[in-house]
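Each chain, written out:
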Amino acid sequence: MKTPKPVVLYLDDLKEQLTNFSANFFDVYKVHTANTTAEAREILAHQPVQVILADYSLVEAGEITNGVDFFESIMSAYPNPIRMLITGQGDKEVAVNAINKGRVFRYIEKPVGDEELKMIIDGAAALFVAEERYRQLLATLEDKVKERTARLIELNAEKNEFLGIVAHDLKNPLANIKMFTDLMNKDVETLSKEEIKEYTGDVLTEAERMFTLITNLLDVNKIERGFKANPIRLDLTSITEAVADNYRQRAEQKSLILHFEAKAPQANVMADEVATMQVVENLVSNAVKYSPNGENKHIWVRVVPADKAFRVEVQDEGPGLSPEDKEKLFGHFARLSAQPTGGEHSTGLGLSIVKKMVEAMNGKIWVESEKGKGATFIVELGAA
């Protein structure tokens, strides 16, 4: 690939000097010339100038000005081009003023030959390229720092939310366990077998809530550290049907009718068996958990073919999801407008685990839903 010519702007009030410069350097540089500072600013506004040369003494509309003042005036708007001052005044004070006020890279005394001037401009152009690369690298690093800072802020917020949720969700079942055991301890001599069975059942329920929360937290921790799927060839239809059968009784307890449909009698996929089972269980469990209790609503669990893949679809007639719910659905500790309908407990962790597991198996997961019209969760895994 041919290297583009350096873009050079030369400002001088003598048109003869501009003509000579263009004639001598047009073949090695993309030359722009300006007879006034206004022309120079117009060129800077529309051209990617890399090097600016300006004569020290300038006369505009009968008034004397100079290249140093011009450089100072464009400093904030165009800080990147390399600035060089050409003058016949070998005055050290002029040179120092040019460097301090106009941030001039090079002070060139006349007369200067074409070869020497070319060598100076080449050095300035090379400096511009090096500084541009540095600016680009710095911008990239700044973007990465911003991204990491934002991620750290997000993680810190998640940590604080995590601590609050864990404290709340563990406190309640622990308080209930303490209450039930206190009651049994105080009335151990008078309680009937039925009452003891009822209390121990309540303790078991609260312990299961705590166990589920801790299990989910451990699953999240494991996945965040890098969950590695162990893909094997397996039949998605048989796994999904087994999960549907396991949840049919729970569905019936809430007067829900659970259907299983296999539009792909054998759906061979490459996936992790344990993770696939956990993913399907979570989706079916959620459908049962959030469907209306006692209203004879339906849940459909399907296995359907797709393009070089197979899908599990879990459709319910629950409350559906709002646009706000869908945005945060797969996040950690998602608290949605929909709530479990049968007193079930939700940690808000399940779908975040599911999403990471599906992605670890190179699969996809999404939801199709409207508020008040139920939801269909879809998992797609590649065919074996």
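Calculation rules
- Residues take numbers from 1 onward in each chain, read along the sequence in its written order.
- It should be noted that, the model being predicted, local features are given only for residues of pLDDT at least 70 and side-chain atom pairs only at 80 or more, the latter also being counted only at that level, while totals for whole chains, interfaces and linings use all residues.
- Neither water nor hydrogens contribute to the side-chain values; these are computed over all heavy atoms in the structure.
- Strands here mean DSSP runs of E at least two residues long; helices mean DSSP runs of H or I at least four residues long; both are numbered from the N terminus.
- The cut-offs for exposure are 20% and 50% of the maximum accessible area for each residue type, with area from a 1.4 Å probe on protein chains only; residues under the lower value are buried, those over the upper are exposed, and the others partly exposed.
- Here, two residues are considered to be in contact whenever any of their heavy atoms come within 4.5 Å of each other.
- Accessible surface area values rest on a Shrake-Rupley calculation with a 1.4 Å probe, where residue burial reflects the displayed protein chains alone.
- DSSP calls a pair of strands paired once it identifies at least 2 bridges connecting them.
- For helices, the fitted axis covers only the stretch in contact; all axes are lines through C-alpha atoms, and the angles between them, taken along N-to-C directions, range from 0 to 180 degrees.
- For any pair of crossing helices, the crossing counts as left-handed if the nearer helix is rotated counterclockwise from the farther one by less than a right angle, and right-handed if it is rotated clockwise.
- Think of it as three bins: nonpolar holds Ala, Val, Leu, Ile, Met, Phe, Trp, Tyr, Cys and Pro, charged holds Asp, Glu, Lys and Arg, and polar takes everything else, Gly as well.
- A cavity here means a set of points on a 1 Å grid, drawn over the protein atoms and nothing else, where a 1.4 Å probe fits but cannot get out; a pocket is an open set with protein on both sides within 12 Å along at least five of seven lines, and a residue lines either one if it has an atom within 4 Å of a point.
- Grid points are joined across faces, edges and corners, and a volume is the space filled by probe spheres set on the points.
- We define a salt bridge as a side-chain nitrogen of Lys or Arg found within 4 Å of a carboxyl oxygen belonging to Asp or Glu.
- The directions from the helix axis to the C-beta atoms are what the arc is built from.
- Pairing of aromatic rings covers Phe, Tyr and the six-membered ring of Trp, with a centre-to-centre limit of 6.5 Å; geometry is then stacked below 30 degrees between planes, edge-to-face above 60, and tilted otherwise.
- In this analysis the charged atom, NZ for Lys or CZ for Arg, is taken to sit over a ring once it is within 6 Å of the ring centre and within 35 degrees of the ring normal.

Undergrad: How should I be thinking about the overall build of the protein chain in this particular structure?
TA: Along the protein chain, the regular secondary structure elements total 10 helices and 14 strands. Classification of the 384 residues of the protein chain by burial places 41% in the buried group. Contacts in the protein chain between residues far apart in sequence, at least 24 positions, make up 67% of those at least 6 positions apart. Of the accessible surface of the protein chain, which amounts to about 22000 Å², a share of 52% is contributed by carbon and sulfur atoms.

Undergrad: Explain the sheet that holds strand 1 (residues 7–11) here, please?
TA: The strands that make up a sheet are held in pairs by hydrogen bonds between backbone atoms, and each pair lies either parallel or antiparallel. Spatially, the five strands line up as an open sheet ordered 2-1-3-6-7, and their pairing is parallel. On the outer flanks of this sheet lie strand 2 (30–34) and strand 7 (106–109), each paired with one strand and no other. Neighbour to neighbour, the strand axes of the sheet diverge by 20° on average, direction disregarded. Relative to strand 7, strand 6 (residues 82–87) runs parallel, the two being bridged by four bridges. Across the sheet, residue T87 finds its bridge partner in strand 7, namely E109. Against the sheet, helix 1 (residues 15–25) engages strand 1, strand 2 and strand 3 (51–55), with an angle of about 180° to strand 2. Strands in contact with helix 2 (residues 37–46) are strand 1, strand 2 and strand 3; relative to strand 2, the strand with the most contacts, it is inclined by about 145°.

Undergrad: Looking at this structure, I do not really get the packing of helix 8 (residues 273–290) against helix 10 (residues 350–360). What am I missing?
TA: Axes are the key here: two packed helices are described by the angle between their axes and the distance separating the axes. Direction vectors running N to C along helix 8 and helix 10 enclose 145°, while the axes themselves pass 10 Å from each other. Helix 10 is crossed by helix 8, and the crossing has left-handed handedness. Seen from helix 8, the contacting residues are A275, Q278, V279, N282, L283 and N286; seen from helix 10, they are G350, L351, I353, V354, M357 and V358. In the contact of helix 8 with helix 10, the residues fall into eight nonpolar, four polar and no charged.

Undergrad: Please clarify how unusual backbone geometry should be interpreted in this entry.
TA: Leaving glycine aside, a negative phi is the common case for residues, and trans is the common case for peptide bonds. With omega at -5°, the peptide bond leading from K110 into P111 counts as cis. Within the secondary structure layout, P111 lies in the loop between strand 7 and helix 5 (114–186). Residues other than glycine seldom take positive phi values, yet N296 does so here, at roughly 55°. With respect to the secondary-structure elements, N296 resides in the loop between helix 8 and strand 11 (298–306). Even without glycine at this site, K308 takes up a positive phi of about 55°. You can see K308 is positioned in the loop between strand 11 and strand 12 (309–316).

Undergrad: What exactly am I supposed to notice about empty space enclosed by the protein here?
TA: Regions of empty space are outlined by a rolling probe, equal in size to a water molecule, passed over the atoms. Under the criterion given, the structure shown has one cavity of 30 Å³ or more. For the largest cavity, the calculated volume is near 40 Å³. Every residue along the wall of the largest cavity is listed here: L236, T276, V279, V280, V312, V358, M361, V379 and L381. When residues of the lining of the largest cavity are traced back to their parent elements, those giving at least two are helix 8 and strand 14 (375–382). With three residues, helix 8 is the single largest residue contributor to the lining of the largest cavity. Residues that form the lining of the largest cavity fall into these classes: eight nonpolar, one polar and no charged.

Undergrad: Sorry, what's going on with the side chain of E313 here?
TA: With respect to the secondary-structure elements, E313 resides in strand 12. On the basis of relative accessibility, which here comes to 15%, the residue E313 falls in the buried class.

Undergrad: Just checking my understanding: could you explain the sheet that holds strand 14 for this structure?
TA: If you trace the five strands from one edge of the open sheet to the other, you get 9-11-12-14-13, paired in mixed fashion. Across the chains shown, the open sheet's two edge strands, defined by having one partner strand only, are strand 9 (257–262) and strand 13 (364–369). Taken over all neighbouring pairs, the strand axes of this sheet differ in orientation by 15° on average, direction set aside. Bridge analysis of strand 13 against strand 14 gives six bridges, and the strand direction is antiparallel. The partner of E368 across the bridge, within strand 14, is T376. Against the sheet, helix 7 (residues 236–253) touches strand 9, strand 11, strand 12 and strand 14, its axis set at about 170° to strand 9. Its contacts with the sheet place helix 10 against strand 13 and strand 14, and it is angled at close to 135° to strand 13.

Undergrad: Can you help me understand the pattern of salt bridges in this one?
TA: If the charged atoms of two oppositely charged side chains come close together, the side chains can form a pair. Enumeration according to the criterion identifies 12 salt bridges in this entry. Salt-bridge contacts for E313 lead to R302; the nearest nitrogen and oxygen are separated by 3.7 Å. Within this pair, whereas E313 is found in strand 12, its partner R302 is found in strand 11, the two being separated by 11 residues in sequence. Residue classification places R302 among the buried positions, given a relative accessible area of 13%. For E370, the salt bridge goes to K373, with nearest N and O atoms at 3.5 Å. Note on K373: relative accessible area 63%, which makes it exposed.

Undergrad: Can you walk me through helix 2 in this structure?
TA: An α-helix turns once per 3.6 residues; consequently, residues spaced three or four apart project the same way. Listing the buried residues of helix 2 in full gives T37, A40, I43 and L44. For helix 2, the angular spread of the buried residues around the axis is 115°, confining them to a single face. The exposed residues of helix 2 that point more than 90 degrees off its buried face are A38 and H46.

Undergrad: What's the story with the packing of aromatic side chains in this structure? I'm lost.
TA: Geometrically, a pair of aromatic rings is defined through the distance of the ring centres and the angle of the planes. This model, assessed by the stated rule, comprises five aromatic pairs. Here the aromatic rings of Y10 and F21 are separated by 4.8 Å at their centres, their planes lie at 50°, and the arrangement is tilted. Residue Y10 is located in strand 1, and its partner F21 is located in helix 1; the two are separated by 11 residues in the primary sequence. Connected via pairs of aromatic rings, a cluster forms that spans Y10, F21, F25 and Y29. One Lys or Arg, R135, reaches over the ring of F128 and ends 5.6 Å from the middle of that ring.

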